[in-house]
2 protein chains.
Amino acid sequence: MLDVCLLGTGGMMPLPYRWLTSLMVRCNGRAILTDCGEGTQIAMKKKGWSPNPIDVILFTHYHADHISGLPGMLLSMGNADRTEPVLLVGPKGLEKVVDSLRVIAPELPFGLQYRELNENEETFDLPGDSGLHITAFHVNHRVNCYGYSFRLDRAGRFDAERAKAQGIPLACWNPLQKGQTVTAGGRTFTPDMVMGPPRRGLKVTYTTDSRPTPSIVKYASGADLFICEGMYGEEDKLDKAKDKKHMTFAEAAGLAARANPQPKEMWLTHFSPSENHPDSYIKDTQKIFPRVTCGWDGRSKTLRFADE
Amino acid sequence: MLDVCLLGTGGMMPLPYRWLTSLMVRCNGRAILTDCGEGTQIAMKKKGWSPNPIDVILFTHYHADHISGLPGMLLSMGNADRTEPVLLVGPKGLEKVVDSLRVIAPELPFGLQYRELNENEETFDLPGDSGLHITAFHVNHRVNCYGYSFRLDRAGRFDAERAKAQGIPLACWNPLQKGQTVTAGGRTFTPDMVMGPPRRGLKVTYTTDSRPTPSIVKYASGADLFICEGMYGEEDKLDKAKDKKHMTFAEAAGLAARANPQPKEMWLTHFSPSENHPDSYIKDTQKIFPRVTCGWDGRSKTLRFADE
């Protein structure tokens, strides 16, 4: 199960009615935050969530609307008694940018770990045994920028009949289901002895601040939820979108339409402050990709495995 | 006339229902912001104000809840087409702190000027001819911290009879009223020839993040409005207040009570996140100083000269 929440849906500057774009992904009681602009910690408190369980903060890039809330967030995590280290991930320069911002948050009761992205694609796992893999993929903005795809694995089905037939003791079943190798009564049992082939898991892909790219199409493919920037609803803002290296709604929807297999669902986010009613353009956008809707602040979805 | 607005009244961290403590003082269409924590620019937009006219930003100190909103505010000022320089004022280290934070706001369409405070008291005028004088006074917090007192001068009354009696041409009256020396028909006229003694102006004093100090009593004296931190309402939090170098409501009210002359009105601000209902302590606080009330986000007051 993956819990996904768009904490905010604004681009460029925070507005009284629209927080800056930020994504919270929660899995097994832990949380991964993507981007942290000014006010993100307030948006999170509005949902009633403590900042304590955030194990990882991913940054798409270092424009202020995606990172200006970091010092306050780190301090609030400290005030919420966080002591375990926090992993920060982002394009090259991460540690330098964070060090600079920490001029106003020099003392924290937890350590910071850094993973700077250097390749076009990099995959890494969440600390711990969550089964959640994160892939960072390079996109095309005015500065070095990445999208993120979250993949939650699902093991194959446990075959009790096979386990019984092989005389595997009952006490070994649970660790085997968890993928662990077990030794009992002088015999060693491995998961492949009782587990079917891995089943389809869950996939969420998130990208903002980019022109359309093949990398986005690749990671939108087969996603249960594809969240993508849509800076401008009006088609006549295409030149502006190109100039500022953003996308129109139509361009974003085109990415989902070209993905194979297409994503099950798509949300738009990172609306320009000039877009007071992003919803007014969505019908036209749905002609390009029917399962696209506008994100809104606090929009959440719980994604479950297919037959759960 | 001075327009005063408490944009937020929270201390330590921004909450969904309470922005971080920040003061806006407006005078003749220009604005002075004191402190700029995370979300201050949103609180300002809620009032419907553009960040463009902010000529001066004063900082009490550099704890994150008083400055973390600066990079976003500067960028928003740029987006609002600000091109005139902005004066930043604060304790020693100002330029270094601002430079560090500007790692995410490196390019601005206006210049920044710095005034670092080194003395226990420093008075300076707003750029331009506003008649507004600002005094920074040292207070007592865990780090170097200042309060600010705003004084708007008021010229004496213009005596038309004296002007006529001295044969001063009508065209000279207005510049003389403005305090200018004028030459006409070979004669030189000075303001003292037609103006009475200066009249009582307006005074607003603002201080937050401090233990009680004689300097605060001094600048609270004779204020039309005295705005002071009150971190804790409960008297049994006195030890905590001492430890964290803040004040209880009672301590804050005691400062106003000791001022001579006492301030006309007092607002409390910078409430601890643990204080959900600061108003519930105000009756007891008014036993110490009757004209004290709690500030709230967006609380405004227009101060006018006595007989205007």
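Residues numbered from 1 in each chain as written. Chains lettered and ligands numbered in written order. Predicted model: local features only at pLDDT ≥ 70, side-chain atom pairs only at ≥ 80, totals over all residues. Heavy atoms only, no water.

Draft legend 1. Structural view of helix H3 (residues 70–79) of chain B. All names here are of chain B. Most of H3 sits inside the fold, with eight of its 10 residues counted as buried. Those residues of H3 that sit buried are Leu70, Pro71, Gly72, Met73, Leu74, Ser76, Met77 and Gly78. Looking at the residues trailing H3, positive phi occurs at aspartate 81, about 65°. (Buried < 20%, exposed > 50% of the residue type's maximum accessible area, 1.4 Å probe, protein only. Helix = DSSP H or I, 4+ residues; strand = E, 2+ residues; numbered from the N terminus.)

Draft legend 2. Inspection of helix H9 (residues 249–258) of chain A at higher detail. Burial runs high along H9 of chain A: eight of the 10 residues are buried. All of the buried residues in H9 of chain A are Phe249, Ala250, Glu251, Ala252, Ala253, Gly254, Leu255 and Ala256 of chain A.

Draft legend 3. Quick peek at the relation of the copies chain A and chain B. Of the two same-sequence chains, chain A is brought onto chain B (RMSD 0.1 Å, axial shift 0.0 Å) by a rotation of 180°. The relationship between the two copies is best expressed as a two-fold rotation axis. Comparing interface residues between copies, 100% of those in chain A also sit at the interface in chain B, which points to an isologous, same-surface contact. (Least-squares fit on C-alpha atoms with pLDDT ≥ 70 in both. Contact = heavy atoms within 4.5 Å.)

Draft legend 4. Main features of the environment of glycine 10 of chain B. Residue and element names in this part refer to chain B. Among the structural elements, glycine 10 can be located in the loop between strand E1 (2–8) and strand E2 (22–27). Separated by 239 residues in sequence, glycine 10 and phenylalanine 249 place their C-alpha atoms 14 Å apart. Beyond its immediate stretch of four places on either side in the chain, glycine 10 contacts Arg18, Trp19, Leu20, Thr21, His270 and Phe271.

Draft legend 5. Seen up close, the state of the cysteines. Considering all chains together, one arrives at zero disulfides over all chains under this definition. Not part of a disulfide, cysteine 5 of chain A finds its nearest cysteine sulfur in cysteine 36 of chain A, a span of 14 Å. (Disulfide = S-S within 2.5 Å.)

Draft legend 6. View of the environment of glutamate 116 of chain B. Residues and elements named next belong to chain B. Mapping glutamate 116 onto the fold places it in strand E6 (residues 112–117). With 59 residues separating them in the primary sequence, glutamate 116 and proline 175 have C-alpha atoms 35 Å apart. Looking at glutamate 116, its side chain comes within polar contact range of the main-chain nitrogen of leucine 94, at 3.1 Å. (Polar contact = N/O pair within 3.5 Å; in protein donor to acceptor, adjacent residues only side chain to side chain.)

Draft legend 7. Representation of the pattern of salt bridges in the model. Residue and element names in this part refer to chain A. One pass over the structure, following the stated rule, counts 28 salt bridges over all chains. Salt-bridge contacts for glutamate 84 lead to arginine 82; the nearest nitrogen and oxygen are separated by 3.7 Å. By relative accessible area, which is 36% here, glutamate 84 ends up partly exposed. On the accessibility criterion, arginine 82 (1% relative accessible area) is buried. A salt bridge links lysine 164 to glutamate 161, with the shortest nitrogen-to-oxygen separation between them at 3.8 Å. Of the two residues, lysine 164 and glutamate 161 are both situated in helix H5 (residues 160–165); the distance of three residues between them amounts to about one turn of the helix. In this structure glutamate 161 comes out as exposed when scored by relative accessible area, which is 55%. Overlapping salt bridges bring together Arg30, Asp55, Arg82 and Glu84 as one network. (Salt bridge = Lys/Arg side-chain N within 4 Å of Asp/Glu carboxyl O.)

Draft legend 8. A look at the sheet that holds strand E8 (residues 132–138) of chain B. Residue and element names in this part refer to chain B. Pairing within the open sheet is mixed, and its seven strands lie in the order E7-E8-E9-E12-E13-E14-E15. Edge positions in the sheet fall to strand E7 (121–125) and strand E15 (292–294), since each of these pairs with one other strand and no more. Within this sheet the neighbouring strands show an average axis-to-axis angle of 20°, counted without direction. Sheet topology note: the strand E12 (residues 199–207)/strand E13 (residues 225–229) ladder contains four bridges and is parallel. Pairing of tyrosine 206 across the sheet is with isoleucine 227, part of E13. The sheet contacts of helix H9 (residues 249–258) involve E13, strand E14 (266–269) and E15, and relative to E13 the element is tilted by about 150°. (Pairing = 2+ DSSP bridges. Axes fitted to C-alpha atoms, helices over the stretch in contact; angles between N-to-C directions.)

Draft legend 9. Structural view of the interface of chain A and chain B. On the chain B side, the residues contacting the 28 residues of chain A number 28 residues. Across the interface of chain A and chain B, roughly 2,300 Å² is buried in total on both sides, 72% from carbon and sulfur atoms. The three residues of chain A that bury the most area against chain B are Glu38, Ile42 and Ile104 of chain A, which together make up 26% of that side's buried surface. For the pair chain A and chain B, the interface holds zero salt bridges. For the pair chain A and chain B, the number of links is six residue pairs in polar contact (both at pLDDT 80 or more). Those elements that place two or more of their residues in the side of chain A that touches chain B are helix H1 (40–46), helix H2 (64–67), helix H3 (70–79) and helix H4 (94–101) of chain A. Residue contributions to the side of chain A that touches chain B peak at five residues, all from H1 of chain A. Residue classes in the side of chain A that touches chain B are distributed as 15 nonpolar, 10 polar and three charged. (Buried area = accessible area lost by both parts, 1.4 Å probe. Nonpolar A, V, L, I, M, F, W, Y, C, P; charged D, E, K, R; others polar.)

Draft legend 10. Representation of the confidence of the model for chain A in the model. The share of residues in chain A with pLDDT of 70 or more is 100%, and the mean pLDDT across the chain is 96. Two numbers describe this predicted complex: its pTM, 0.92, and its ipTM, 0.90. (pLDDT = per-residue confidence, 0-100.)

Draft legend 11. Structural detail: the sheet that holds strand E9 (residues 146–154) of chain A. Residue and element names in this part refer to chain A. Taken in spatial order, the seven strands line up as E7-E8-E9-E12-E13-E14-E15 in an open sheet, and their pairing is mixed. Among the strands making up the open sheet, the edge pair consists of strand E7 (121–125) and strand E15 (292–294). Sheet twist, expressed as the average angle between the axes of neighbouring strands with direction ignored, equals 20°. In terms of strand pairing, strand E14 (residues 266–269) meets E15 through three bridges, oriented parallel. Across the sheet, the residue bridging to methionine 266 is valine 292, located in E15. Its contacts with the sheet put H9 on strand E13 (225–229), E14 and E15, and the angle it makes with E13 is roughly 150°.

Draft legend 12. Representation of the packing of aromatic side chains. Residues and elements named next belong to chain A. Following the criterion strictly, the structure yields 11 aromatic pairs over all chains and no others. On the numbers, 6.0 Å between centres and 90° between planes, the contact of phenylalanine 249 with tyrosine 281 is edge-to-face. Of the two residues, phenylalanine 249 sits in helix H9 while tyrosine 281 sits in the loop between E14 and helix H10 (282–288), which places them 32 residues apart along the sequence. Judged by relative accessible area, tyrosine 281 falls into the partly exposed class, the value being 23%. Among the aromatic residues, those joined into a ring-pair cluster are Phe249, Phe271 and Tyr281. (Phe/Tyr/Trp six-rings, centres within 6.5 Å; stacked < 30°, edge-to-face > 60°.)

Draft legend 13. Layout of the pairing of strand E9 (residues 146–154) of chain B. Residues and elements named next belong to chain B. Along E9, seven of the nine residues are buried, which leaves the element largely enclosed by surrounding structure. Judged from the seven bridges that link them, E8 and E9 form a sheet pairing that is antiparallel. Residue pairing for E9: histidine 133 is matched across the bridge by arginine 151. Two strands pair when backbone bridges link them, and E9 and E12 are joined in this way by six bridges, in the antiparallel orientation. Paired with serine 149 across the two strands is threonine 205, which belongs to E12.

Draft legend 14. Region of interest: the side chain of serine 22 of chain A. Residue and element names in this part refer to chain A. Counting through the fold element by element, serine 22 comes out in strand E2 (residues 22–27). Given the relative accessible area of 0%, serine 22 is considered buried. Polar side-chain contacts of serine 22 include one of 2.9 Å to the backbone oxygen of aspartate 35.

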